[in-house]
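Residue-level structure breakdown
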Amino acid sequence: MDGGQILLSYTKVWVILLLLSATFRNSKLAAKNTEQHKKRKLATENSGFISIDCGAEEDYLDRNTGISYKTDKDFISTGKNMIVAPEYNLQTRFKNSVRTFPEGKRNCYTLKPRQGKNQNYYVRAFFYYGNYDSKNKTQMFDLYLGVNRWATVDINVEDMFTTYYDIIHYSITDTIYVCLVNTGSGVPFINGLDLRFMNDSPYRSMNGSLLPRVQADLGGHQTQSSTRYEDDVYDRIWQFDVNLNDSVSISTETNIDIQGSDNPCRLPVEVLRTAVQPRNGLNSLSYNYTRYTENSEFLVFFHFAEIEQIAPGEIREFTITLNGLNYGLFTLEYLKPLTIGPYKLQDQVRFSIDATLRSDLPPILNAFEIFKLGPLPDSPTNQTDVDAIMAIKKAYKIDRVDWQGDPCLPFTTWSGLQCNNDNPPRIISLNLSSSQLSGNIALSLLNLTAIQSLDLSNNELTGTVPEAFAQLPDLTILYLSGNKLTGAVPRSLKEKSNSGQLQLSLEGNLDLCKMDTCENKKRSFRVPVIASVISVSVLLSIITIFWRLKRGRLNVSLSSLVGLSRKELSLKSKNQPFTYTEIVSITNNFQTIIGEGGFGKVYLGNLKDGRQVAVKLFSQSSRQGYKEFLAEVELLMIVHHRNLVSLVGYCNEHENMALVYEYMANGNLKEKLLENSTNMLNWRERLQIAVDAAQGLEYLHNGCRPPIVHRDLKSSNILLTENLQAKIADFGLSKAFATEGDSHVITDPAGTPGYIDPEFRASGNLNKKSDVYSFGILLCELITGQPPLIRGHQGHTHILQWVSPLVERGDIRSIIDPRLKGEFNTNCAWKALEITLSCVPPTSTQRPDMSDILGELKECLAMEMSSEMSMCDSVKISLVLGTDMAPNLR
Ligand SMILES: *[C@@H]1O[C@H](CO)[C@@H](O)[C@H](O)[C@H]1NC(C)=O
Ligand SMILES: *[C@@H]1O[C@H](CO)[C@@H](O)[C@H](O)[C@H]1NC(C)=O
């Protein structure tokens with residue numbers, strides 16, 4: 001993050017005023033009975049709040065907000081508790097206790113919200129110096145959220161108020177670290193830390209965090225009660241001191257229907273009950289956000305509710321002008337909240353709200369919010385490595401001051417640890433020599449799969465040396481000397497050491513047997529010998545067949561394929577050869593056509609055992625057809641997967657070539673997506689189809705040796721069973737590559753417009769990533785319901801061209817298929833979109849592997865299923881954007 005920018009534009013709020021007003025409210029509302037407090041306490045704990053009073057000596061319940069504050073002892077193990085100097089005492093415990101970090105460059109709070117990763121959180125940190133160290137010195141240090149710089153904290157000695165920094169952060173990890181980093185300009189300290197879960201909220205940016213800049217409760221009075229939890233479910237701190245030009249306040253005592261569906265930002269009643277309108281005779285409200293920062297992007301939300309009863313026949317109608325662009329018309333309903341936005345803006349925020357000519361009343365505005373978009377997040381350390389190092393830390397009870405926060409980022413501060421510069425970073429070296437480790441060699445060490453150097457020498461380690469060390473591909477240094485290890489040294493490790501691939505040191509382990517003779521003492525011989533005789537013969541026959549198939553691959557002659565005896569084929573698969581006469585009878589003389597492709601037609605068929613099949617007949621004349629036929633027979637004979645359409649048999653009689661497949665009752669995805677109304681695929685079904693298709697493709701790419709590239713992935717090649725299980729079909733263009741990572745230059749044009757990898761089109765260079773691109777387009781179709789080439793007035797628009805401006809605007813509602821009527825989990829939708837966009841960068845090396853995509857999609861599906869289960873998520877949010885609104889009013 002750019003520190004300078006943050007410094008200029010962070011929100012510094014006079015919380016002391018809020019505190020005074022909270023006290024005021026307290027007296028106004030008199031005492032509350034304890035039962036209510038109990039209820040509140042429960043509500044707090046369940047609502048996804050973590051509230052920490054840093055430096056406090058004990059947990060307590062804050063009577064003003066009903067929030068339970070905890071001491072920080074369960075969240076951090078470093079630092080010292082301090083109290084502000086007497087002359088700075090603010091008479092509130094929260095402000096007066098301080099945790100300070102004179103030691104260590106980086107100290108981190110570890111927050112583990114119950115809702116876990118892939119969720120949106122509001123995080124806020126409070127700072128009040130109060131000369132706690134009697135040094136009377138201005139303090140400056142950095143605040144990090146996870147691995148990303150969040151803000152530069154700059155605290156003045158004279159400040160008699162609390163400064164806070166807040167951020168809305170979408171966490172892709174289960175653990176959120178808030179770290180204070182000493183940058184040499186003062187000792188880091190902190191007074192309080194809040195985390196609030198934001199369930200399925202529109203406060204989200206596509207690829208970063210949101211930094212609140214203005215959260216204005218217009219028309220509110222500073223002497224009025226401060227609006228926080230539990231009036232505000234997110235516990236926002238609203239500002240009253242934001243002034244619009246020439247405006248006056250209005251307010252109501254009547255209740256506002258915040259349960260309504262137009263309150264996606266979950267505004268409190270108290271905020272909506274007050275508003276501003278222009279001074280008499282004026283028709284316009286305007287505001288300029290003056291903290292001009294170049295190259296910043298902002299997100300703006302406007303919040304309205306009509307709080308005046310309007311005479312029958314009169315209307316309040318207005319437009320919004322934002323940085324010179326006009327939006328609207330808008331009208332309001334009595335006591336109904338309406339959020340307009342978010343609008344994404346560049347560099348500045350200037351708005352005016354103007355009554356239209358026919359409006360009888362001036363405009364009003366109840367509240368608005370401006371967020372600055374945070375920069376792109378850095379990826380935290382590879383999760384497997386993090387899990388492994390945490391398990392190691394726990395297993396050996398390693399208690400080092402610097403072993404906290406992310407292991408590799410923002411800079412490796414964990415002693416004994418080294419990381420590489422990959423994104424995400426990996427742990428490549430661990431040195432725990434002379435660290436008083438005892439017990440066995442922790443198996444978690446084997447989960448550090450990128451490790452190059454491991455030094456565990458001079459400890460008290462017992463037990464055997466795990467053989468699996470030999471499987472760590474990059475391990476070149478393994479020092480185990482000076483321990484109490486026993487048993488035999490695994491042969492594979494010795495081999496690696498002898499061949500010079502591994503520097504292995506084992507000296508000083510007195511009971512360790514380094515001879516070859518101590519291996520395998522207990523093995524029984526008979527059973528494995530018989531078993532291996534059998535398996536070798538089976539293996540040999542399989543290898544023979546596979547080898548023949550493979551040899552035939554580049555220059556397959558069908559006779560050699562079909563020339564395999566029936567017995568060999570049946571060993572390989574259950575595919576049966578059919579005669580042409582049988583094909584005629586199966587299809588009842590080619591009665592029902594169920595599909596058509598470049599190669600010929602597909603017919604419905606019935607086997608004698610009653611099974612329905614699809615019969616693809618290759619046109620006799622087409623040479624292309626012949627090639628495709630061969631490619632497909634070849635492939636489907638050797639690959640089998642639940643998400644690949646399976647071959648029942650084939651026919652090859654002279655000119656007559658046919659393939660017989662299992663019948664897919666729900667046709668292909670392309671047609672299915674065109675269907676309307678009741679039969680339409682819902683969001684969860686779409687995700688399931690995406691997962692199925694990804695599974696099939698992942699198998700082709702990573703489960704097959706050699707890997708197979710489909711080359712013609714598209715929605716019409718995704719077939720659906722009766723239960724909507726998806727299977728990939730049509731392997732006519734697919735190619736197998738001799739070795740993984742290999743890519744070929746292919747000269748014949750292939751693929752379908754809209755789905756073709758631009759890099760392949762430009763260079764003819766074909767690899768697995770070309771399929772990944774096509775898969776991305778397919779995902780995009782599933783999400784948006786649009787075809788890859790969208791027909792318009794001026795020819796076709798590619799689906800990515802259509803979607804990218806909407807992504808830029810953060811306008812998820814316009815991206816997702818409108819026929820779904822908003823019935824999906826917003827976070828899940830964002831995630832699906834992120835996955836989609838990750839598949840389609842123009843350069844193939846930037847696209848992920850199918851296994852990563854599959855993992856992400858599964859997470860997305862799980863997210864959707866869990867949110868379907870919790871009914872509260874099914875409340876539909878309708879974000880009304882200006883342009884959508886206009887037709888309703890004309
Ligand atoms: C591990 O650290 C010790 C002590 O600092 C050092 O002597 C040793 O060389 C290190 N090991 C490796 C593999 O660098
Ligand atoms: C290693 O990682 C796997 C998968 O990430 C995990 O299931 C397993 O428990 C880990 N093993 C240890 C010993 O930590």
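Residues numbered from 1 in each chain as written. Chains lettered and ligands numbered in written order. Predicted model: local features only at pLDDT ≥ 70, side-chain atom pairs only at ≥ 80, totals over all residues. Heavy atoms only, no water.

1. Here we look at the overall build of the protein
Within the protein one finds 21 helices and 46 strands. Residue burial in the protein is summarised as follows: out of 890 residues, 54% are buried. Look at the contacts in the protein between residues 6 or more apart in sequence, and 72% of them connect residues 24 or more apart. (Helix = DSSP H or I, 4+ residues; strand = E, 2+ residues; numbered from the N terminus. Buried < 20%, exposed > 50% of the residue type's maximum accessible area, 1.4 Å probe, protein only. Contact = heavy atoms within 4.5 Å.)

2. Quick look at the site of ligand 2
Taken together, Leu443, Ser444 and Asn447 make up the full set of residues near ligand 2. Ser444 places a polar side-chain atom, nitrogen or oxygen, 3.3 Å from an oxygen atom of ligand 2. The contact in question runs from an oxygen atom of ligand 2 to an N or O atom on the side chain of Asn447, over 2.2 Å. In the complex, 35% of the free accessible area of ligand 2, which totals 360 Å², lies under the protein chains. (Near = heavy atom within 4 Å. Polar contact = N/O pair within 3.5 Å; in protein donor to acceptor, adjacent residues only side chain to side chain. Areas by Shrake-Rupley, 256 points an atom, 1.4 Å probe, with all protein chains shown as cover.)

3. Quick notes on empty space enclosed by the protein
Scanning the model with the defined rule gives 4 cavities of 30 Å³ or more in all. Residue classes in the lining of the largest cavity are distributed as 6 nonpolar, 4 polar and 4 charged. (1 Å grid on protein atoms, 1.4 Å probe; cavity = no way out; pocket = protein on both sides within 12 Å on 5 of 7 lines; lining within 4 Å. Points joined across faces, edges and corners; volume = space filled by probe spheres on them. Nonpolar A, V, L, I, M, F, W, Y, C, P; charged D, E, K, R; others polar.)

4. Quick word on the packing of aromatic side chains
Here a ring pair, both rings aromatic, is described through the centre-centre distance and the interplanar angle of the planes. Using the criterion set out here, one finds 27 aromatic pairs in the structure. Here the aromatic rings of Phe141 and Phe189 are separated by 5.7 Å at their centres, their planes lie at 65 degrees, and the arrangement is edge-to-face. Pair noted here: Phe141 is in strand β8 (residues 139-145) and Phe189 is in strand β12 (residues 189-190), with a separation of 48 residues, a long-range link. Summarising the burial analysis for this pair, Phe141 and Phe189 share the class buried. On the numbers, 5.6 Å between centres and 70 degrees between planes, the contact of Tyr289 with Phe298 is edge-to-face. Accessibility expressed as a relative area gives 7% for Tyr289, which makes it buried. Classification of Phe298 by relative accessible area gives buried; the value is 1%. Connected via pairs of aromatic rings, a cluster forms that spans Phe127, Tyr129, Tyr132, Phe141, Tyr165 and Phe189. Positioned over the ring face of Tyr170 is Arg204, at 3.5 Å from the centre of the ring. (Phe/Tyr/Trp six-rings, centres within 6.5 Å; stacked < 30°, edge-to-face > 60°. Lys NZ or Arg CZ within 6 Å of the ring centre and 35° of its normal.)

5. As for the pairing of strand β35 (residues 600-606)
Among the 7 residues in β35, 5 count as buried, and that is most of the element. Where β35 meets strand β36 (residues 612-618), 5 bridges bridge the pair, whose relative direction is antiparallel. In the strand pairing of β36, Gly605 is matched with Val613. The hairpin formed by β35 and β36 contains 5 residues between the paired strands, and Gly610 there has a positive phi angle of roughly 90 degrees. (Pairing = 2+ DSSP bridges.)

6. A short note on the sheet that holds strand β31 (residues 503-505)
A sheet is described by the order of its strands in space; here 5 strands give the open sequence β24-β25-β27-β29-β31, paired in mixed fashion. Sheet topology places β24 (417-419) and β31 at the edges, where each strand pairs with a single neighbour. Here the strands of the sheet are splayed against their neighbours by 10 degrees on average, with no regard to which way each runs. Inspection of the sheet shows strand β29 (residues 477-479) paired to β31 by 3 bridges, in the parallel sense. (Axes fitted to C-alpha atoms, helices over the stretch in contact; angles between N-to-C directions.)

7. Here we look at the nonpolar core
Soluble globular proteins tend to bury their nonpolar side chains together. By size, the foremost hydrophobic cluster in this structure holds 81 residues, and its most contacted members are Leu669, Trp683, Ile718, Phe775 and Leu857. Those residues in contact with Leu669 that lie beyond four places of it in its chain are Leu681, Ile689, Ser715, Ile718, Leu720, Leu778 and Leu782. Listed in part, the 52 residues of the second largest apolar core include Tyr234, Leu244, Ile320 and Phe330. (Core = buried A, V, L, I, M, F, W, Y, C linked by side-chain atoms within 4.5 Å.)

8. Observations concerning the side chain of Ser97
On the secondary structure map, Ser97 appears in strand β5 (residues 97-100). The exposure class of Ser97 is buried, given its relative accessible area of 6%. Looking at Ser97, its side chain comes within polar contact range of the side chain of Asp53, at 2.8 Å.

9. Things to note about helix α14 (residues 683-703)
Between its first and last C-alpha, α14 extends 28 Å over 21 residues, near the 30 Å set by a 1.5 Å rise per residue. Among the 21 residues that make up α14, 15 are buried, leaving the element largely enclosed by the rest of the structure. (Expected span 1.5 Å × (residues − 1).)

10. Looking at the site of ligand 1
Close contacts around ligand 1 come from Asn431, Ser433, Ser453, Asp455 and Tyr479, and that covers them all. Measuring from an oxygen atom of ligand 1, one finds a side-chain N or O atom of Asn431 at 2.2 Å. Asp455 has a polar side-chain atom sitting 2.7 Å from a nitrogen atom of ligand 1. Tallied by class, residues from the shell around ligand 1 come to 1 nonpolar, 3 polar and 1 charged.

11. Some remarks on the sheet that holds strand β11 (residues 176-185)
One open sheet accounts for 4 strands, arranged β6-β11-β8-β9; its pairing is antiparallel. Of all strands in the sheet, those bounded by a partner on one side alone are β6 (106-111) and β9 (148-155). This sheet shows a mean twist of 20 degrees between the axes of neighbouring strands, independent of strand direction. With 5 bridges joining them, β8 and β11 adopt antiparallel strand pairing. From the neighbouring strand, Met140 faces β11, where its bridge partner is Ser185.

12. Quick word on the pattern of salt bridges
In total, this model carries 29 salt bridges according to the counting rule given. Residues Glu308 and Arg316 are paired through a salt bridge, measuring 3.0 Å at the closest nitrogen-oxygen approach. The partner of Asp817 in a salt bridge is Arg686, with the nearest N and O atoms 3.0 Å apart. Of this pair, Asp817 sits in the loop between α18 (812-815) and α19 (826-839) while Arg686 sits in helix α14, and the two are 131 residues apart along the sequence. (Salt bridge = Lys/Arg side-chain N within 4 Å of Asp/Glu carboxyl O.)

13. With respect to the side chain of Asp406
With respect to the secondary-structure elements, Asp406 resides in the loop between α6 (383-395) and β24. Of the side chains with opposite charge, Arg106 lies nearest to the buried Asp406, which makes no salt bridge, at 5.8 Å. A distance of 2.4 Å separates polar atoms of two side chains, one belonging to Asp406 and the other to Thr381. Not counting the four nearest positions on each side in its chain, Asp406 is found in contact with Arg106, Val147, Tyr177, Pro380, Thr381 and Trp414. (Lys, Arg positive; Asp, Glu negative; His and termini not counted.)

14. Things to note about the state of the cysteines
A full pass over the atoms with the stated rule returns 2 disulfides. What pairs with Cys108 in a disulfide is Cys179, and their sulfur atoms sit 2.2 Å apart. What sets the handedness of the Cys108 and Cys179 disulfide is the S-S torsion sign, and at about 105 degrees it is right-handed. Linking Cys108 in strand β6 with Cys179 in strand β11, this pair joins segments that are 71 residues apart in sequence. By relative accessible area, which is 1% here, Cys108 ends up buried. Disulfide pairing is shown between Cys408 and Cys419; the S-S distance is 2.0 Å. (Disulfide = S-S within 2.5 Å.)

15. Topic: the confidence of the model for the protein
Detailed reading of the predicted coordinates is not advisable wherever pLDDT falls low. Summary statistics for the protein give a mean pLDDT of 79 and a share of 81% for residues scoring 70 or more. Here residues 519-573 scores under 50 on pLDDT; set against residues more than four positions off or in separate chains, the count is 43 contacts. A low-confidence stretch, residues 871-890 stays under pLDDT 50, and its non-local contacts, those more than four residues away or across chains, total 44 contacts. (pLDDT = per-residue confidence, 0-100.)

16. Structural notes on the packing of helix α16 (residues 768-784) against α19
Two numbers describe how α16 lies on α19: the axes approach to 7 Å, and their chain directions differ by 150 degrees. Relative to α19, the element α16 lies roughly antiparallel. Taken as a pair, α16 and α19 cross one another with a handedness that is left-handed. Contact residues: Val772, Tyr773, Phe775, Gly776, Leu779, Cys780 and Ile783 in α16; Ala832, Leu833, Ile835, Thr836 and Cys839 in α19. A per-class count over the contact of α16 with α19 returns 10 nonpolar, 2 polar and no charged. (Parallel < 35°, antiparallel > 145°, perpendicular 65-115°, else oblique. Left-handed = near helix turned anticlockwise from the far one by under 90°.)

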